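Coordinates in review
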Amino acid sequence: MGKVSIQQFKKDFVKEFEQLYAYSYDEGTPREQFLALGEVIRNYYMDNWKQTISDYKTNETKQIFYFSMEFLPGRMLKSNLLNLDVLKTVQDGLKELGLNLDEVSRGEADPALGNGGLGRLASCFMDSIASTGLAGHGNGIRYQYGLFKQKFIDGYQIELPENWLRNGNVWEVRKENKAVIVRFGGQVYLEPDEAGRLYPRYENTQNILAVPYDVPQVGYKNGVVNNLRLWSAEIPYGEEYLFRTEEERDAVNQITEVLYPDDSNYEGRLLRLRQEYFFSSAGVQSVIRYFKILDEDWSLLPDKIGIHINDTHPALVVPELMRILIDEEGLTWNQAWEITKKTISYTNHTILQEAMERWPVDMMAHLLPRIYQIIVEINHRHIEKKLPLYGEELTYRTAIIDHDQIKMANLAIIGSHSINGVAKLHTNILINETLHDFYLMYPNKFNNKTNGITQRRWVQLSNPALTELLDDTIGTDWKCNPEELILLKAHADDKTVLDRLETVKLENKKRFAAYVKKEMGIEIDPTAIFDVQIKRLHAYKRQLLNVLHILERYNRIKDNPDIALPKRVFIFGAKAAPSYHYAKQIIKLINAVAEMVNNDPEIRDLIKVVFVENYGVSLAELIIPAADISEQISLAGKEASGTSNMKLMANGAVTMATMDGATIEIHDAVGKDNIYIFGLKNEEVQKYYQTQSYHSRTIYEGNASVKRVLNMLIDGSIPGIFNEGQDIFDSLVKFNDEYFLLKDFDSYINAQTQADIDFLGRDKWNKMALLNIAHSGPFSSDYTILRYADEIWKIEPQVDDATPIYSKVKPAE
């Protein structure tokens, strides 16, 4: 795409709007203006999209296909404008037309195609793969409703459907000519052909049409446009008569209707398994169809194709690829198995053994009979091969099928050539504890790839004022090579820069305060500490510890109304899974505490609690630039990596954290004086587990502050939480506090007290914020992806040396 002038853009936009709506653009709604603008931008990148795909095919470039159950792209308009290098052109052009880009962009729905860090990581990776000039594409599900829309009613989380596709998706292109059939249920029989080779014969299967919708992934100023393919489930053409009842038709629609159906019952779990196989099978079929166009020998498949599975949700890629190679292409088992292992790589995101995905044997056998047969054979051959080498005990611990359960992580490990963790600590725990048995068998498969974020969205787009400050202070090279942010360190004692940084933060805080006032009716002081915890609501992430601190602080103020404390606003953003009862109780508690604290005149606004509804990417873009403190307080050894820690750091928030996940690497980067570390370390946690010597009741009985705070949960101090308070109290005292909140309580309070002191010294705080920004560059997902490309996928950037991203830079892990 050539450079577009403001005049040309205005002409294109007005013409497109009038062709769509047959009235003047200034009469349109923001939604209509966005749709017209989207069509204009599509036209700007379409040639590049077509050329990129054509070049890969012509050059037979090895391509990576990144399979993920979740993608959380956020609104794509501004990202596309930035990466096409027309952001300012469009901004100025709309202004001349009397429109505002921010208002127009709000006409775009925020697609909730993920639940949290897993999906956001996948989208950062899609951006980085294109921006570093790599040949890589995404593969997922086009959920009609995505994750639920969260509402609070009387403090309780209520889940509502969020139909983000109500008005269509301007970026997607439906590709009916690329549709494939995915087969469920029925019976399968193996019958010999004339040569005696066994082939499957299917009966009574339910065939579902998988239709791809392709969404462009625009690279940063380099002309590359890769693809994110999202699959939608439909009734096959001409087979409507087979789906006679409304119930049968609904069953098809449900496959791609909702992200994460309620898995508290059999039907919900069955639907989830259908979803996983649906997009895994469709994606593999699509990849194989592309390879066959190349007309190469099957042994070259791993040289032309790489399939990466993001967590175990796409692990059925392993038996599905085997199915196609054996059943449809006639390869022997050994040929197919070698190709499959060399083609597939796997990222593990789970430390907790109990959280590893498993499926009942009878469910798999009933829903996917041929896939089940193949899994049984993979398991049989694994055991047969490893028994003489490792003995019964170790071999059977690594079996895929155990106690009538199919272990998906085991399947992914055995069927791939690379297994990576997502932070140094996480990978070490996998190697030494969670997956130690597999490490003994396959030491060369294991590696670490610490997660990253894209500064394009999380700084350039989310925080334009900070971007301008950085450009003025250190130049613009950091936008292409984020490690250049380290140059900011030279200005750590520059009062002018520090004051300007404080002004940038204050303006961002005012922006968020205005949102809170408008949407929630709560007045918050922008000069207060904005203390932010934004992530999934889960017990191990310990939002509850944050609440206990709020209650402890509340008690201190009530005891001493004249206490000298800086004002603090506690900001939460989190959704709980619909069937996660305990997490939903914590949400109710947070909202009850907010109601109590925010309306107590004796607190004098020293504490405010804000729990934003329906947290997602767009709200994160508002909250993160306004944050002063980044809460990363999971129990050490439980968080795989975290990425909100990196986003908040890049925007000048100071981290309050345990030594867990990638926060350890943030600590190592910024130094102990620019981060608040508290609590148990992983080795101390493990020692408690081994000795079973942790007794939370002893802490409750012996620590007056802990006892007072916990008693508030059950003595009526907090209105409206009688049942929730008792259950939470019991989890901490009666059931021995699974995540050691009480053990870390005093250390946490001490760290928070130090943060109060430091915040009052404005130059010191601003210097800490600046140094966090300066050291955030290595956590760019561009570098993470270049390490995946170099060490796992064995691919190189396809753009020349003129590309803005410094593709030769590969910082060591």
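About the cut-offs
- Residues numbered from 1 in each chain as written.
- Predicted model: local features only at pLDDT ≥ 70, side-chain atom pairs only at ≥ 80, totals over all residues.
- Heavy atoms only, no water.
- Core = buried A, V, L, I, M, F, W, Y, C linked by side-chain atoms within 4.5 Å.
- Buried < 20%, exposed > 50% of the residue type's maximum accessible area, 1.4 Å probe, protein only.
- Helix = DSSP H or I, 4+ residues; strand = E, 2+ residues; numbered from the N terminus.
- Contact = heavy atoms within 4.5 Å.
- 1 Å grid on protein atoms, 1.4 Å probe; cavity = no way out; pocket = protein on both sides within 12 Å on 5 of 7 lines; lining within 4 Å.
- Points joined across faces, edges and corners; volume = space filled by probe spheres on them.
- Nonpolar A, V, L, I, M, F, W, Y, C, P; charged D, E, K, R; others polar.
- Pairing = 2+ DSSP bridges.
- Axes fitted to C-alpha atoms, helices over the stretch in contact; angles between N-to-C directions.

A few words on the nonpolar core. Grouped together as the largest cluster of nonpolar side chains are 139 residues, with contacts concentrated most on Leu37, Ile41, Phe278 and Trp793. Ranked by residues supplied to this core, first place goes to helix α8 (residues 266–294) with 12 residues. Among all residues touching Ile41, those that are not within four sequence positions of it are Leu77, Asn80, Leu81, Leu84, Val90 and Trp171. Core analysis: the next-biggest nonpolar cluster, separate from the first, contains 72 residues, Ile586, Leu606, Ile629 and Tyr739 among them.

What follows is about the layout of surface pockets. As a volume, the second largest pocket reaches approximately 720 Å³. Lining the second largest pocket are 24 residues, with Ile53, Lys175, Lys178, Asp214 and Arg229 sitting closest to its centre. With 7 residues, the single largest contributor to the lining of the second largest pocket is helix α2 (residues 30–58). Residue composition of the lining of the second largest pocket, grouped by class: 8 nonpolar, 9 polar and 7 charged.

Attention now goes to empty space enclosed by the protein. Summed over the entire model, instances satisfying the criterion amount to 6 cavities of 30 Å³ or more. If you go around the largest cavity, you meet 14 residues; those closest to its centre are Met76, Ser79, Ser123, Asp127 and Gln217. At the level of elements, α3 (77–83), α6 (117–131) and β9 (206–218) are the ones that each hand at least two residues to the lining of the largest cavity. Tallying contributions element by element places α6 first for the lining of the largest cavity, with 4 residues. Taken together, the residues of the lining of the largest cavity sort by class into 5 nonpolar, 6 polar and 3 charged.

Attention now goes to the sheet that holds strand β18 (residues 529–534). Ordered by their spatial adjacency, 6 strands build an open sheet running β20-β19-β18-β21-β22-β23, and the pairing between neighbours is parallel. Here the strands that pair on one side only, and so sit at the sheet edges, are β20 (607–612) and β23 (676–677). Relative to strand β22 (residues 654–657), strand β21 (residues 629–632) runs parallel, the two sharing 4 bridges. Paired with Ile629 across the bridge in β22 is Val654. Helix-sheet contacts for helix α19 (residues 495–520) involve β18, β19 (568–573) and β20, and the interaxial angle to β20 is about 75°.

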